[in-house]
Amino acid sequence: MLTSHYRRLDWHHWFEGAGLPSQSIEGDEFPSSILTYRAAQEGLGVAIGQPFLVAEEIAAGQLVPIFQPIERDLGLFVIWTRYANARVRGFIKWLAAEVERTDGGRPANVTEPLIEQA
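Residues numbered from 1 in each chain as written. Predicted model: local features only at pLDDT ≥ 70, side-chain atom pairs only at ≥ 80, totals over all residues. Heavy atoms only, no water.

1. Some details on the overall build of the chain
The helix and strand tally for the chain stands at 4 helices and 2 strands. Along the chain, from the amino end to the carboxyl end, the secondary structure elements read β-α-β-α-α-α. Restricting the contact set of the chain to residue pairs at least 6 apart, pairs at least 24 apart contribute 52%. Accessible surface computed for the chain: about 9600 Å², of which carbon and sulfur atoms make up 57%. (Helix = DSSP H or I, 4+ residues; strand = E, 2+ residues; numbered from the N terminus. Contact = heavy atoms within 4.5 Å. Areas by Shrake-Rupley, 256 points an atom, 1.4 Å probe, with all protein chains shown as cover.)

Structure representation (structure tokens):
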């Protein structure tokens, strides 16, 4: 099995999400996801990939998904100061709209920064 240095727990999460006991992972580790995907393309093993990062390779037949994706309850966060100017707030609104557009219409959870009470 192929793993990425920064995503080395992905196989354990996959086993867990599939309802299987976690296995000891043996195989090659690469310094980045991109190199891990490239190794899979070259036939060096099986890799776990983020579907949106390998969509073109899958469409071109360079990579073949063998299992359904497993959803994980993880999130990415944008953090900004309560003093953000109009350009920063505009960027955050645009980013939230892009998340909704590309995530199946699921709304981005955007909240105003907490303001300390005096």
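2. Overview of the pattern of salt bridges
On inspection of all chains with the given rule, the structure shows 3 salt bridges. In this structure, Arg8 and Glu29 form a salt bridge, with 3.3 Å as the shortest nitrogen-oxygen distance. With a gap of 21 residues between them, Arg8 in the loop between strand 1 (3–4) and helix 1 (10–17) and Glu29 in strand 2 (residues 29–30) connect regions that are remote in the sequence. Looking at Arg8, the relative accessible area reads 40%, which means it is partly exposed. (Salt bridge = Lys/Arg side-chain N within 4 Å of Asp/Glu carboxyl O. Buried < 20%, exposed > 50% of the residue type's maximum accessible area, 1.4 Å probe, protein only.)

3. Description of the nonpolar core
Listed in full, the 7 residues of the largest apolar core are Leu2, Phe30, Tyr37, Ala39, Ala40, Val54 and Leu63. No other element matches helix 2 (residues 33–41), which puts 3 residues into this core. Setting aside residues no more than four positions away along its own chain, Ala39 makes contact with Leu2, Phe30, Leu44 and Gly45. (Core = buried A, V, L, I, M, F, W, Y, C linked by side-chain atoms within 4.5 Å.)

4. Details of a nonpolar patch on the surface
Residues Val46, Val64, Ile66 and Phe67 make up a contiguous nonpolar surface patch of about 400 Å² in total accessible area. Mapping Ile66 onto the fold places it in the loop between helix 3 (51–59) and helix 4 (86–102). (Patch = residues over 30% accessible without salt bridge, like charges linked within 9 Å, V, L, I, M, F, W, Y side chains within 5 Å.)

5. Brief notes about the side chain of Asp10
The residue Asp10 is located in helix 1 in this model. On the basis of relative accessibility, which here comes to 11%, the residue Asp10 falls in the buried class. For Asp10, the residues in contact, after removing those within four places along its chain, are Ile48 and Arg72.

6. Comments concerning the packing of aromatic side chains
On inspection of all chains with the given rule, the structure shows 4 aromatic pairs. An angle of 70° between the planes, with centres 6.5 Å apart, marks the rings of Trp11 and Trp14 as edge-to-face. Taken together, the positions of Trp11 and Trp14, both in helix 1 and 3 residues apart, correspond to about one turn of that helix. Across the pair, exposure class does not vary: Trp11 and Trp14 are buried alike. Look at Trp14 and you get buried, because its relative accessible area is 17%. Among the aromatic side chains, those forming a connected cluster through ring pairs are Trp11, Trp14 and Phe15. (Phe/Tyr/Trp six-rings, centres within 6.5 Å; stacked < 30°, edge-to-face > 60°.)

7. Some details on helix 2
Within helix 2, the full set of buried residues consists of Ser33, Thr36, Tyr37, Ala39 and Ala40. Each buried residue of helix 2 lies within a common arc of 155° when the element is viewed along its axis, so the set occupies one face. Buried-residue contacts for helix 2 involve strand 1, strand 2 and helix 3. Once helix 2 ends, the next one or two residues include Gly43, with phi positive near 85°. (Arc of directions from axis to C-beta.)

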